[in-house]
Amino acid sequence: MIKKIDHIGIAVSNLEEALSFYEEALGLKVKGIEEVPEQKVKVGFLDIGETQFELLESMAPDGPVGKFIEKRGEGLHHIAILVDNIENTLHILKEKQVNLIDEVPRKGASGSKMAFIHPKSAHGVLLELYEK
Ligand code: ZN
């Protein structure tokens, strides 16, 4: 059911500034920038080995990333796990009484599907299930 870590999500105040740090200081390549209105974020992806960094800038203070930054500042936001079939995975987790933020997948970047597992179940880490 679980394939690998697909990406690591990092909440940033300013996407352009953050991307230039990762490009210039670490030599990573920006794969693309895209807006995800459903999540009220602007997202930039950088390749890092077999995985990616997903930098998230909030487009609205009341969005999930806007609230996160207001409460905790910039930093590690979530770890995304690639799955084959997100509906099936959610069904199995629900049966195991895992605390889910999303019981039904949402629309993510690049036409993907995603759903969050609550940090209460995942020992303090926000886990994203991600299907390409
Ligand atoms: Zn993500």
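All values reported here derive from a predicted model rather than from experimental measurement.

Q: Help me understand the nonpolar core, please; the structure alone is not making it clear to me.
A: By size, the foremost hydrophobic cluster in this structure holds 11 residues: Ile81, Val83, Ile86, Leu90, Leu93, Leu100, Ala115, Ile117, Ala122, Leu127 and Leu129. Where this core is concerned, the elements lending two or more residues are β5 (75–83), α3 (86–95), β7 (113–117) and β8 (127–131). Sort the elements by how many residues they give to this core and α3 lands first, with three residues. The residues touching leucine 93, leaving out its near neighbours within four places in the chain, are Met1, Val98, Leu100, Ile117 and Leu129.

Q: Can you walk me through the pattern of salt bridges in this structure?
A: Once their charged atoms are close, side chains differing in charge can pair, the charge on each being opposite to the other. According to the stated counting rule, one finds seven salt bridges in the structure shown. Among the ionic pairs, glutamate 38 bridges to lysine 107, the shortest N-O distance being 3.5 Å. Of this pair, glutamate 38 sits in the loop between β2 (29–36) and β3 (41–48) while lysine 107 sits in strand β6 (residues 106–107), placing them 69 residues apart in sequence. With relative accessibility at 46%, the residue glutamate 38 sits in the partly exposed group. Residue lysine 40 pairs with aspartate 62 through a salt bridge whose shortest N-O separation is 3.2 Å. Taken together, the positions of lysine 40 in the loop between β2 and β3 and aspartate 62 in the loop between β4 (51–58) and α2 (64–72) put the pair 22 residues apart, joining distant regions of the chain. Judged by its relative accessible area of 46%, aspartate 62 is partly exposed.

Rules used in this analysis
Residues numbered from 1 in each chain as written. Predicted model: local features only at pLDDT ≥ 70, side-chain atom pairs only at ≥ 80, totals over all residues. Heavy atoms only, no water. Core = buried A, V, L, I, M, F, W, Y, C linked by side-chain atoms within 4.5 Å. Buried < 20%, exposed > 50% of the residue type's maximum accessible area, 1.4 Å probe, protein only. Helix = DSSP H or I, 4+ residues; strand = E, 2+ residues; numbered from the N terminus. Contact = heavy atoms within 4.5 Å. Salt bridge = Lys/Arg side-chain N within 4 Å of Asp/Glu carboxyl O.

Everything listed is a geometric property; what it means functionally is a separate question.
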